[in-house]
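Structural overview
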Amino acid sequence: MLADYLMASVVAVIAGLDRTAAFQFMLSRPIVAAPLTGLLLGSPLTGLQVGALIELLYLGRLPIGAAIPPDDTQVAVGASAIAVSTGGALGLAGFPFAILATLIALPLGKVGQLFDRAARVWNARLLAQAEADINAGRLETFEKLHLRGMVHFSLCSLGTYAVIVVLGSLLLHGVAPLLIEEVADAAGWLTLAFVVLGGAAILGTINVSRSMTLFAASFATAFLMLWLL
Amino acid sequence: MKEGRLSRRVLGQVVWRSFFLQASWNFERLQSLGMLYAIAPALRVLHQGEDLVAACRRHLEYFNTHPFMASPVLGTVLFLEEQSDDPDYAEITEFRRMVMAPYAAMGDALFWGGLRPVAAGVSLFFAARGSLWAPVIFLLFFNIPHLWLRISGLFRGYVQGLKVVELIQRRRLPDAAIRLKEGMIVLLGGLCAYMTFLTLRGEDVATGLGFLVVPLVLLGGRLIANGFSTLLLILTASALITWVIWIF
Amino acid sequence: MSIVLARIDNRLIHGQVIEAWVPSVKADCIVVANDQVARHPFQRVLMEAAVPRGIRVEISAIEQIAAVLGSDSCRNGRVLLLFASSEDALKAHRAGVDFSELNLGNMHAGDGKLRYSCTIALDADDIENLGRLEEDGVQIVSQCIPSDRRQPWRKMIRTTS
């Protein structure tokens, strides 16, 4: 199990860097990071389920300016790793366990805000050092200093990931055997709750006029077509 | 392409480095060190000695914009670095200061507010059917425009200088973003309908009840607009649902 | 005319304003009160180009801001008013622009400024200006985007200094 979590930490770092520091190819989005984790641990479909749930919920969240949202990337990686690894160890792996892992990882993702903030505060030292060097006419150091910020972001991603994985798997060891049957019965409805709230989060925050009308019309049309055909 | 003093190789290096623009993002000056890092290879060609030190200082000033929209800014900055006959290069500092916020607004609207949710929405249809193509489709959908802007933005900025600002203005990007968002809402309606339909069929419940999802989404939207956190709502809803199922 | 949000943001119009605050306070008119931008045609045009159709933008010097707010284009609108600094906010308020609450969004670091939160750094002048606004009955709250917690500025200053 430890080996699984260590392997997944590679995705945690790569996706964590993609989130802010480098590339931004959106490997950091749950819909990518989670199946990637699952793939590495031998169960891409579990990862896809976790990723889809988190993506649905946070579809409309914007990384704007200096405001830092909860770390949905590490939630996706951590929940997928837990769903595959701890789920397998407990003999409970499956969609209900994936939902449970996601629900437990989501609030733990809040610590990501602290870690992310720490990385950005830490980076200020790099800037100060680079500025001092440049003012002294030394131009060989600032590029290395800049790139060192990636170490800070990586460590902070790992920190968030570790908190989610350690606390999450401990909690699930206790909670999952008690709840898994109920969650299995409720799985369909729980998925629907993610759909409803993900949609609500977008409609509640988007700057498009008449978005509610547009949504209702589109839903009704699509639903009628599915129903009648 | 007109003959500037910067070779394609150097410009290519700047493009590559622009992917690391935010590696040292901090609350003091945000992307400033990243900006300097990205254009450093070009500055080393254009300036020597004390001039180079001055150029580095100039670009260590406060800077922050959308990471993709930074490309045309970097391009234009290099154009100005090469062409400017102002000994203080005040024009460059001014240009950086003026464009960063409006470009950030355009990039946020277009990429974070528009393209990313649209791409995710499309890919979630695949995810709902359990298809592992979902992440691939999401990445393609998002990254083709992303890479196009980052790469061509830099070259165009360098070749056209300040004219690239006009070019971007004419595209009316904020309006395009609104169109994308409207498309995203239509897509979201379809996605919600599809997933509701699948759930109801799976649970063997009268399909017509699916229309109840619309008022639920609208209610949730009202709550979230009034400051309720999505996280709190999903945890509460999940606990309620599980409890109700347990009772029955 | 009603001012639905008055905000100090050194970035003026950017993503947080357009993507988050405009829908949250249902603004349909953004008024930028800034001498420098008002004087600079290139920057004006750029700033206007960052806003989607359907939202009006007025950019004006601080002195004329009361007149702009009373003009036809804003009179029936829901106005989001932006300042770049505490000094500008105080000047406008003293010139008769009436807002009862002032939001602190981004006030970035600089020489002599002390950081009080991730996005807010103030110097002695800022604190004096904000104090005067408070004496005039303006409630001053720090909140970067609507989903952040609202924090009274006095509390913010106390907890970090």
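Going along each chain's sequence as written, the residues are numbered from 1 onward. Lettering of chains starts at A and numbering of ligands starts at 1, both following the order in which they are written. Predicted model: local features are reported for residues with pLDDT of at least 70 only, side-chain atom pairs are reported and counted for 80 or more only, and whole-chain, interface and lining totals are derived from all residues.

Moving on to the overall build of chain B. In DSSP terms, a helix is any run of H or I states spanning at least four residues, a strand is any run of E spanning at least two, and both are numbered starting from the N terminus. Scanning chain B from N- to C-terminus turns up ten helices and zero strands. All radius of gyration figures rest on C-alpha atoms, and the globule criterion is 2.2 Å times the number of residues raised to 0.38. Taken against the 2.2 N^0.38 rule, which gives 18 Å for 248 residues, the C-alpha radius of gyration of chain B at 24 Å runs more than 25% over that of a compact globule. By the burial criterion, 50% of the 248 residues in chain B qualify as buried. Here the contact rule is simple: place C-beta atoms from the backbone, and any two residues whose C-beta atoms are within 7 Å are in contact. Counting contacts in chain B only where the partners sit at least 6 residues apart, residues at least 24 apart contribute 71% of the total. Three classes are used. A residue is buried when 20 or more other C-beta atoms lie within 10 Å of its own, exposed when 12 or fewer do, and partly exposed in between, with C-beta atoms placed from the backbone.

With that settled, the discussion passes to the interface of chain A and chain C. Across the boundary between the two partners, chain A contributes ten residues, which contact 15 residues of chain C. Each residue is assigned to one of three groups, with Ala, Val, Leu, Ile, Met, Phe, Trp, Tyr, Cys and Pro labelled nonpolar, Asp, Glu, Lys and Arg labelled charged, and all others, Gly among them, labelled polar. When grouped by side-chain class, the residues that make up the side of chain A that touches chain C number five nonpolar, four polar and one charged.

On to the pairing of strand β1 (residues 2-9) of chain C, then. Residue and element names in this part refer to chain C. β1 sits mainly inside the fold: six of its eight residues count as buried. Taken together, the three bridges between β1 and strand β5 (residues 101-106) define a ladder with parallel strand orientation. Looking at β5, one finds that Arg7 is bridged to Asn103. For two strands to pair, DSSP has to find at least two bridges joining them.

The domain limits used here are those given by an automatic or database domain assignment. Once the domains are mapped, chain B shows domain 1 (8-183) and domain 2 (208-248). Relative to domain 2 of chain B, the C-alpha centre of domain 1 of chain B lies at a distance of 39 Å.

Moving on, we come to the interface of chain A and chain B. Contact with chain A, which involves 78 residues of that partner, is made by 80 residues of chain B. Within the residue set of the side of chain A that touches chain B, elements represented by two or more residues are α2 (30-40), α3 (44-58), α5 (95-108), α6 (111-135), α7 (142-205) and α8 (211-228) of chain A.

The next thing to look at is the sheet that holds β1(C). Residues and elements named next belong to chain C. In spatial order, the strands read β3-β2-β4-β1-β5-β8-β9; together these seven strands make up an open sheet with mixed pairing. Two strands bound the open sheet, and with one partner strand each, they are β3 (56-60) and β9 (151-152). Sheet analysis places β1 next to strand β4 (residues 78-83), joined by six bridges and oriented parallel. Counted as the bridge partner of Ile8 is Phe83 from β4.

Turning next to the packing of α3(A) against helix α4 (residues 72-90) of chain A. Residues and elements named next belong to chain A. At a closest axis distance of 9 Å, the pairing of α3 and α4 adopts a crossing angle of 150 degrees. As the angle between them shows, α3 and α4 are arranged roughly antiparallel. For the pair α3 and α4, the crossing hand works out as right-handed. Listed contacts from α4 to Thr46, Gly47, Val50, Gly51, Ile54 and Tyr58 of α3 are Asp72, Val75, Ala76, Ala79, Ser80, Ala83 and Val84. The residue inventory of the contact of α3 with α4, partitioned by class, reads eight nonpolar, four polar and one charged. Helix axes are fitted only over the stretch in contact, all axes being lines through C-alpha atoms; the angle between N-to-C directions runs from 0 to 180 degrees. An angle counts as roughly parallel when it lies under 35 degrees, as roughly antiparallel when it exceeds 145, as roughly perpendicular when it falls between 65 and 115, and as oblique in every other case. Handedness of a crossing follows from how the near helix is turned relative to the far one, being left-handed for an anticlockwise turn of less than a right angle and right-handed for a clockwise one.

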